[in-house]
Amino acid sequence: MTVILCHASDPAALWLGTSMRQLGLEVDVVTVEQLVFSRRIVFRMNDAGDSGSVELAGGRLLRPEAISGLINRVRYLPTQHFERAQPRERAYADPS
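About the criteria used
- Residues numbered from 1 in each chain as written.
- Predicted model: local features only at pLDDT ≥ 70, side-chain atom pairs only at ≥ 80, totals over all residues.
- Heavy atoms only, no water.
- Salt bridge = Lys/Arg side-chain N within 4 Å of Asp/Glu carboxyl O.
- Helix = DSSP H or I, 4+ residues; strand = E, 2+ residues; numbered from the N terminus.
- Buried < 20%, exposed > 50% of the residue type's maximum accessible area, 1.4 Å probe, protein only.
- Pairing = 2+ DSSP bridges.
- Right-handed = clockwise from strand over helix to strand, strands pointing away.
- Core = buried A, V, L, I, M, F, W, Y, C linked by side-chain atoms within 4.5 Å.
- Contact = heavy atoms within 4.5 Å.

Caption draft 1: Molecular detail of the pattern of salt bridges. Counted under the stated rule, the structure contains 4 salt bridges. We note a salt bridge from Asp28 to Arg60, for which the minimum N-O separation is 3.4 Å. Remark: Arg60 occurs in the loop between strand E4 (49-55) and strand E5 (61-62) and Asp28 occurs in strand E2 (residues 27-31); sequence separation between them is 32 residues. We classify Asp28 as buried; its relative accessible area is 14%. Residue Arg60 is classed as partly exposed on the basis of its relative accessible area, which comes to 33%. When salt bridges with common partners are traced through the structure, they connect Arg39, Arg40 and Glu55 into a single cluster.

Below, the structure is given as structure tokens:
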């Protein structure tokens, strides 16, 4: 599966996702907001290798091992959710 990572307001990326599906390709359009505000991100690493998953806010589950390609159209990361964090954690998450 190919993932198109984009902003919800990116018409070119949304068009590309629709066009790829019409060609019979397996594609998943994921907005950066869905990823940033995901419910759960799991990453495991041991001697046998690594695995993980990302549970998006809508309940969809992304598994990195199922992703064969990524088209990244992200221009910026939303940081509004940092406003509720403690100042020390906010500085760590957004050092700009």
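Caption draft 2: Representation of the pairing of E2. Burial of E2 is extensive: 5 of the 5 residues sit out of reach of the surface. Neither face of E2 is exposed, since Val27, Val29 and Thr31 on one face and Asp28 and Val30 on the opposite face are all buried. Across 5 bridges, the pairing between strand E1 (residues 2-6) and E2 is parallel. Residue Leu5 lies in a different strand from E2, and its bridge partner there is Val30. Between E1 and its parallel partner E2, the chain crosses via helix H1 (residues 11-22), and the hand of that crossover is right-handed.

Caption draft 3: Broad picture of the sheet that holds strand E3 (residues 40-46). Here we have 3 strands laid out as an open sheet, ordered E3-E4-E5, and antiparallel in their pairing. Two strands bound the open sheet, and with one partner strand each, they are E3 and E5. Bridge analysis of E3 against E4 gives 7 bridges, and the strand direction is antiparallel. Bridging from a neighbouring strand, Arg44 pairs with Ser51 of E4.

Caption draft 4: Fine view of the nonpolar core. Counting residues in each nonpolar core, the largest one holds 7 residues, listed as Met1, Val3, Leu5, Val30, Val54, Leu56 and Leu62. When sequence neighbours within four positions are dropped, the list of residues in contact with Leu5 reads Val30, Thr31, Val32, Leu35, Leu70, Ile71, Asn72, Arg73 and Val74. Counting residues in hydrophobic clusters, the runner-up holds 6 residues, among them Cys6, Ala13, Met20 and Val29.

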